[in-house]
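Okay, here's what each chain looks like letter by letter:
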Amino acid sequence: MHSNQLFTATSFNRQSEKLSDSTIKSNLEYLKIRPKDIEDIVRDAQNTYKMVFEQVFLVMRYVRYLIEDEWNALAVRGRMKFLMTVFAEQENTDQQTLDNMRENILQKLEGNVGSNDIIAYLQTLESDASSAILRGMQENGIAFAPIKYVLGQDVSKSYPYYDMYMCLHHPLDIFKMLLRQNNYEASDIERSIYYKIKSHADHVNPKGIRLQSISEEQYQHMLKLDKEGSLAKIVDEYTPHNKDSILSEVRSDIAIELGRWATEVFDKISNPSYGKTKNKLGQKQITFDDSFKINIGSDRTVIDIQSGLVGNLNKINQLDDLFDSIKLAVKAKLKSQKFSGRPHRAEERFNNEEALADISAWYDRYSTEMFRRIDQIPKAIVSIIYFDLERGIPSLNHVFRDAQELKNAYESVQEKPAAKKASPVKERNLLITCINSLNLYLNNDKSQDNLNNLIQRVQDKDTLGINNLYRLNNPIMSLWTVFSENKDEDDNLTGSLDASFGETEQEKMMYRFKTVPFFFKRKANIELRELIYSISSQSSTENPVPYPYNSAFPLPLWIRKPSITLTDSADSSIDAEPKSPEIND
């Protein structure tokens, strides 16, 4: 088991504090927190977890179907190749000039211009950056025409080209970000609730200090309860908190945690300025007040709402909440107060108390059923890698060398006669397994020694009980790697790994790969048609529980942004005219 760490006062680390299950359960039972209450939170958290993965995989599948579709393959491949050139590293170039040029290029792509119009635009700039792009276009034979049809019909594309480019050419980076967050299980929820109880008990009974509001008799009584581990009794007798308020706070904490994670992942996919702007994780989240501007004059009050976003909010049944926010903003303006959707932590928690349940209800209603179970997610990840390897998508080029080196290390110690040389299918599966091991299980961002340490152990045939490798928070990919996680006699994980990956393990690997690919089983145009229908079906006002917009959660990726900007998004103005993202005739 691996613990989740909330970005809140209730953070815990399962390995840093020994805490008996009986202590946790006795405190929960005292407040009448039932297993059903835990199950409800687990269901909502897991639905939210699956929703985030599903939104990302909708884009990943969509762009891969497009580049295989007979109507769009050449035009979309050309645009993806072009964006690789546009976002390639450029030295000795003014960053602001480069960002402005990239922003204009993205706007033109969304306006459905062809490569000839873009070449004409680049030629007017006469800069080193534009010359480098023109040179790249010529050297790589990049050309593309305006797209009139999707699936042979007048259908708008579902995602911006930049989102498609990121999901086609940087899937491993996106998967790594997704795998930083663990899935919530019952034991995680129980611990979160216990530490929430503990935080309230500590507030009225700080260690070694008697608050002025607490009598000596009360203080001694609390010390006795604390010593007995009866923190729930302290909360019940000396604080206004109860079962409902504690469960509500835990739900809010989890919503904020998962919302921040989802925001960062979606921002990585959709924001060309990701990592360069002041809009860092947690500093600024999208709220309704990002969607409108109010100008109160002497004889006229103007409320300027971004029309594109209004349409999108209608699709997720959020117009009522939008106009409630406008009403609050007008009142604040009239009182000359600065309006903010989230002025402080208490309001953030309030906004997110129902968000987890709302996301879960929305997912139940509008899920594409891509993931009926969480354990299907690794298979979906492997399917993307499988597709890219088979089709020669350059998304894996930067990880081939290390994966091949690890694969060679295993082959060198598992000497086989030439007649038993691995088949091409097994070679491919071994390579994908090594890619998973090094990039989606081990955390190479934290230490560059992972590969060297692992290869040395393989070569020394010292692959048991490994405990010096850095791993990603989420171990969900472990079955698709060279590793197995060790357990003690009580079936608890010890934290160490085995990496022998001998014949038995490789036979299990081959059996698992029989279920891959998870997608891409039929003709691209058939799967694309069904996928477009699934995406469009999420745009509906029928659901009585709307998607929680004014919360920590980002909008679904199919919601069109009103504009594209590579300038400082934290300071960007909402006054800008929205750019049309539609494909025109």
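Higher on the page you've got the structure.
Definitions and limits used
Residues numbered from 1 in each chain as written. Predicted model: local features only at pLDDT ≥ 70, side-chain atom pairs only at ≥ 80, totals over all residues. Heavy atoms only, no water. Helix = DSSP H or I, 4+ residues; strand = E, 2+ residues; numbered from the N terminus. Buried < 20%, exposed > 50% of the residue type's maximum accessible area, 1.4 Å probe, protein only. Contact = heavy atoms within 4.5 Å. Areas by Shrake-Rupley, 256 points an atom, 1.4 Å probe, with all protein chains shown as cover. Salt bridge = Lys/Arg side-chain N within 4 Å of Asp/Glu carboxyl O. Axes fitted to C-alpha atoms, helices over the stretch in contact; angles between N-to-C directions. Parallel < 35°, antiparallel > 145°, perpendicular 65-115°, else oblique. Left-handed = near helix turned anticlockwise from the far one by under 90°. Nonpolar A, V, L, I, M, F, W, Y, C, P; charged D, E, K, R; others polar. Expected span 1.5 Å × (residues − 1). Arc of directions from axis to C-beta. Pairing = 2+ DSSP bridges. Phe/Tyr/Trp six-rings, centres within 6.5 Å; stacked < 30°, edge-to-face > 60°. Core = buried A, V, L, I, M, F, W, Y, C linked by side-chain atoms within 4.5 Å.

Trainee: Which residues make up the overall build of the protein, and what values do they have?
Mentor: For the protein, the helix and strand inventory stands at 22 helices and four strands. Split into buried and exposed, the 585 residues of the protein put 52% on the buried side. Once local pairs closer than 6 in sequence are excluded, the contacts in the protein between residues at least 24 apart make up 79%. As presented, the protein carries roughly 28,100 Å² of accessible surface, and 47% of it is formed by carbon and sulfur atoms.

Trainee: With reference to specific residues and values, describe the pattern of salt bridges.
Mentor: Within this structure, the stated rule accounts for 26 salt bridges. Between Lys36 and Asp40 there is a salt bridge, and its shortest N-O distance comes to 3.0 Å. Taken together, the positions of Lys36 and Asp40, both in helix H2 (residues 35-66) and four residues apart, correspond to about one turn of that helix. For Asp40, a relative accessible area of 18% gives the class buried. Here Lys243 ties to Asp37 by a salt bridge, and the two come within 3.1 Å at their closest N and O atoms. Placement of Lys243 in helix H12 (residues 243-270) and of Asp37 in helix H2 is noted, with a sequence separation of 206 residues between them. A relative accessible area of 9% means that Asp37 is categorised as buried. One salt-bridge network, in which partners are shared between bridges, spans Lys36, Asp40, Arg43, Asp44 and Arg251.

Trainee: I'd like a rundown of the packing of helix H1 (residues 21-30) against helix H9 (residues 186-204), residues and numbers included.
Mentor: Where H1 contacts H9, the axes come no closer than 10 Å and their chain directions differ by 70°. The angle between H1 and H9 falls in the class roughly perpendicular. The hand of the H1/H9 crossing is left-handed. Contacts from Thr23, Ile24, Lys25, Asn27 and Leu28 in H1 reach Glu190, Arg191, Ile193, Tyr194 and Ile197 in H9. The residue inventory of the contact of H1 with H9, partitioned by class, reads five nonpolar, two polar and three charged.

Trainee: Describe the environment of Gln404, naming the residues involved and giving the relevant values.
Mentor: Within the secondary structure, Gln404 sits in helix H18 (residues 397-413). Along the primary structure Gln404 and Leu430 are separated by 26 residues, whereas in three dimensions their C-alpha atoms are 9.2 Å apart.

Trainee: Explain the packing of helix H3 (residues 73-86) against helix H4 (residues 95-110) residue by residue, including any values.
Mentor: At a closest axis distance of 11 Å, the pairing of H3 and H4 adopts a crossing angle of 170°. Classed by the angle they form, the pair H3 and H4 counts as roughly antiparallel. Taking contact as the criterion, the partners of Arg79, Phe82, Leu83 and Val86 in H3 are, on H4, Arg102, Ile105, Leu106 and Leu109. Residue composition of the contact of H3 with H4, by class: six nonpolar, no polar and two charged.

Trainee: Just give me the short version of unusual backbone geometry, but keep the residues and values in it.
Mentor: Even without a glycine there, the phi angle at Glu126 is positive, about 55°. By the element assignment, Glu126 lies in the loop between helix H5 (115-125) and helix H6 (128-139). A residue is classified by how much of its surface remains accessible, and Glu126, at 71% relative accessible area, is exposed. With phi around 55°, Lys461 is a residue other than glycine that occupies positive phi space. What makes Lys461 exposed here is its relative accessible area of 64%.

Trainee: Before we move on, can you summarise H18 with the specific residues and values?
Mentor: If you check H18, its first and last C-alpha atoms are 26 Å apart, about what 17 residues at 1.5 Å a residue would give, namely 24 Å. Looking only at H18, the buried set comprises Val399, Ala403, Leu406, Lys407, Ala409 and Tyr410. Packing partners of the buried residues in H18 comprise helix H8 (171-178), helix H19 (424-441) and helix H20 (449-459).

Trainee: Any chance you could break down helix H14 (residues 319-334) for me, citing the residues and the numbers?
Mentor: Along an α-helix, a turn takes 3.6 residues, which lines up residues three or four apart on a common side. Taking 1.5 Å of rise per residue, 16 residues should cover 22 Å, and H14 covers 23 Å from first to last C-alpha, within 8% of that figure. Of all the positions in H14, only Leu322, Ser325, Ile326, Ala329 and Ala332 are classed as buried. Down the axis of H14, the sector holding all buried residues measures 125°, keeping them to one side. Of the residues in H14, the exposed ones pointing more than 90 degrees away from the buried face are Asp320 and Leu334. Summarising the contacts, the buried residues of H14 are in contact with strand S1 (292-296), strand S2 (301-305) and helix H13 (307-315).

Trainee: Outline the pairing of S2, supporting the account with residue identities and numerical values.
Mentor: One ladder, built from five bridges, connects S1 with S2; its direction is antiparallel. Pairing of Ile296 across the sheet is with Thr301, part of S2. Following S1, the chain reverses through four residues before pairing antiparallel with S2.

Trainee: Let's hear about the packing of aromatic side chains: which residues, and what values?
Mentor: In the structure shown here, the tally under the stated rule is 20 aromatic pairs. With a centroid separation of 5.4 Å and 70° between ring planes, the pair formed by Tyr65 and Phe520 is classed as edge-to-face. With Tyr65 in helix H2 and Phe520 in the loop between helix H21 (503-513) and helix H22 (524-537), this residue pair connects regions lying 455 residues apart in the sequence. As far as the burial class goes, Tyr65 and Phe520 line up, both buried. Between Trp362 and Tyr547, the aromatic rings sit 5.0 Å apart at their centres with planes inclined by 85°, giving edge-to-face as the arrangement. Pair noted here: Trp362 is in helix H16 (residues 355-366) and Tyr547 is in the segment after H22, with a separation of 185 residues, a long-range link. Note on accessibility: Trp362 and Tyr547 belong to one class, buried. Feature note: the residues Phe57, Tyr65, Phe175, Phe371, Phe387, Phe519 and Phe520 constitute an aromatic cluster, connected by ring pairs.

Trainee: So, the pairing of strand S4 (residues 493-498): which residues are in play, and what are the values?
Mentor: When strand S3 (residues 484-487) meets S4, the two strands line up antiparallel, connected through three bridges. Of the residues in S4, the one forming a bridge with Ser484 is Asp498. Linkage of S3 to S4, two consecutive antiparallel strands, is achieved through a turn of five residues, within which Asp491 is found at a positive phi near 70°.

Trainee: Tell me what's going on with the nonpolar core, and back it up with residues and numbers.
Mentor: Residues Phe53, Phe57, Phe82, Ile193 and Leu454 are the most contacted members of the largest nonpolar core, which totals 161 residues. Top contributing element to this core by residue count: H2, with 17 residues. For Phe82, the residues in contact, after removing those within four places along its chain, are Ile105, Leu109, Ile118, Ile133, Met137, Ile142 and Phe144.

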